Amino acid sequence: ETGVTQTPRHLVMGMTNKKSLKCEQHLGHNAMYWYKQSAKKPLELMFVYNFKEQTENNSVPSRFSPECPNSSHLFLHLHTLQPEDSALYLCASSQDPGRESEKLFFGSGTQLSVL
Amino acid sequence: GQQLNQSPQSMFIQEGEDVSMNCTSSSIFNTWLWYKQDPGEGPVLLIALYKAGELTSNGRLTAQFGITRKDSFLNISASIPSDVGIYFCAGITSSGSARQLTFGSGTQLTVLP
């Protein structure tokens, strides 16, 4: 148990569906992240939120829409996805993203399949 | 952007054997992190390294921050079945207030009984 909880664990959706991924951290951290993990590739940073403000959007297509209502919760809203968006989506949190010694704590991920 | 070359991409070893994997880059990093990802789970931090030349152990795991700050290795001694998983290195660079975390592509470890 890392203190970062993601739901659902698995999601299958059609290209016209709208769905949302949820992440909650119980660590009192100030920053939250969304990463995409595809097989045999490095983790790809998608979004960073620091104190609820988006500080990084790594050229992510608009069909992915993040929302951070407070420092403990992070959502990723999905709309009209493509099959190539199928991947493991990981949420992470950290205390202070500005520190060099900063460590990320990851959730278990949502395995997304787009049909 | 920065890239980390992690090798090997996969390893098959016998239980009890020692394992070594490494990450190299053409860029200098200020911090190196090693994560393990069990099947169906997110990555979990194993070891963090903050100084060039630093050698740190966590049980049967030992990691070193290369002197040039461009590489790091992870050793696992006397492997056991639960060591199975994907091991990721990650390097952190910072410039002013900007901080960048770069991940390697992972080493898939299989331990045979």
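This text follows the structure it describes.
What comes next concerns the included structure. Counting of residues starts from 1 at the beginning of each chain's written sequence and follows it residue by residue. In the order they appear in the text, chains get letters beginning with A and ligands get numbers beginning with 1. This being a predicted model, a pLDDT of at least 70 is required before a residue's local features are given, and a value of 80 or more before pairs of side-chain atoms are given or counted; all residues contribute to the totals for chains, interfaces and linings. Working from all heavy atoms in the structure, the side-chain values ignore hydrogens and water.

1. So, the state of the cysteines
Residues and elements named next belong to chain A.
Now for step 1: Cysteine sulfur pairs qualify as disulfides if the two atoms are within 2.5 Å. Counted according to the given criterion, the structure contains two disulfides over all chains.
Now for step 2: The disulfide that involves cysteine 23 links it to cysteine 91, with 1.9 Å between the sulfurs. Disulfide cysteine 23-cysteine 91: the torsion about the S-S bond is -75°, which places it as left-handed. Remark: cysteine 91 occurs in strand β9 (residues 87-94) and cysteine 23 occurs in strand β3 (residues 18-25); sequence separation between them is 68 residues.
Now for step 3: Cysteine 23 sits in the buried class, given a relative accessible area of 0%.
Now for step 4: Looking at cysteine 68, it has no disulfide partner, and the nearest cysteine sulfur is the one in cysteine 91, 9.0 Å off.
Now for step 5: Between buried and exposed lies partly exposed: a residue is buried under 20% and exposed over 50% of the maximum accessible area for its type, with that area taken using a 1.4 Å probe on protein chains only. Cysteine 68 gets classed as buried once you look at its relative accessible area, which sits at 11%. Under the DSSP-based scheme used, a helix requires at least four consecutive residues in state H or I and a strand at least two consecutive residues in state E, with every element numbered from the N terminus.

2. Details of the interface of chain A and chain B
How big an interface is tends to be stated in terms of accessible area lost as the parts join.
Now for step 1: Contact residues are listed per partner, giving 22 residues for chain A and 22 residues for chain B.
Now for step 2: Carbon and sulfur atoms make up 54% of the surface buried where chain A meets chain B, a total of about 1,700 Å² over both sides.
Now for step 3: Salt bridges, as used here, are contacts in which a Lys or Arg side-chain nitrogen is within 4 Å of a carboxyl oxygen on Asp or Glu. B:Glu41 is the salt-bridge partner of A:Arg9, the closest N and O atoms lying 3.7 Å from each other.
Now for step 4: By the criterion applied in these results, polar contacts are pairs of N or O atoms within 3.5 Å in which, for protein atoms, one can donate a hydrogen and the other can accept it, and in which residues neighboring in sequence qualify only through two side-chain atoms. Counting across the interface, chain A meets chain B through five residue pairs in polar contact (both at pLDDT 80 or more).
Now for step 5: The leading source of residues in the side of chain A that touches chain B is strand β4 (residues 31-37) of chain A, at three residues. Any pair of residues with heavy atoms lying within 4.5 Å of one another is described as a contacting pair. Summed over both partners, buried area is the accessible surface (1.4 Å probe) that two parts give up on being assembled.

Keep in mind that these numbers describe shape and distance, not what the molecule does.
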